[in-house]
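If you want the building blocks of each chain, they are given just below.
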Amino acid sequence: EEFANLTTFAFNENEVTNALNHLSYMSLKLDSASPTEIEYIDSYYVEHLFWNATPIGIEIGWPLVPDKLKKLYLDFHGRKPKIQ
């Protein structure tokens, strides 16, 4: 969850390079993950992304999320992050 928080913070601070590095790392891990690792990536990273995200963080971050991570996010939350 803390890695998800760091990614969200990078979105909020417009630190696109850091955010992309985090997302790329998790996306690559997902490619070779065991079923247990997929569950952990889903539960502890993807589901926690965008908690405490600012409207700017959501606007910047959502388009950066790789499709396979987006799918996990949408499967859990049922919608993209909501800008409030």
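Going by the structure above, here's the rest.
Let me begin by describing the structure that accompanies this report. Owing to the predicted nature of the structure, the values given are computational and were not obtained by experimental measurement.

A look at the pattern of salt bridges
- Using the criterion set out here, one finds two salt bridges in the structure.
- Its salt-bridge partner being K71, residue D75 comes within 2.8 Å of it at the nearest N-O pair. Here the residue D75 and the residue K71 both occupy positions in helix α5 (residues 67–77), the gap between them amounting to four residues, near one helical turn.
- Taking relative accessible area as the criterion, D75 reaches 52% and is therefore assigned exposed.
- Note on K71: relative accessible area 52%, which makes it exposed.

Examining the packing of aromatic side chains
- Summed over all chains, the structure comprises seven aromatic pairs.
- Among the aromatic residues, those joined into a ring-pair cluster are F11, F50, W62 and Y73.

Rules used in this analysis
Residues numbered from 1 in each chain as written. Predicted model: local features only at pLDDT ≥ 70, side-chain atom pairs only at ≥ 80, totals over all residues. Heavy atoms only, no water. Salt bridge = Lys/Arg side-chain N within 4 Å of Asp/Glu carboxyl O. Helix = DSSP H or I, 4+ residues; strand = E, 2+ residues; numbered from the N terminus. Buried < 20%, exposed > 50% of the residue type's maximum accessible area, 1.4 Å probe, protein only. Phe/Tyr/Trp six-rings, centres within 6.5 Å; stacked < 30°, edge-to-face > 60°.

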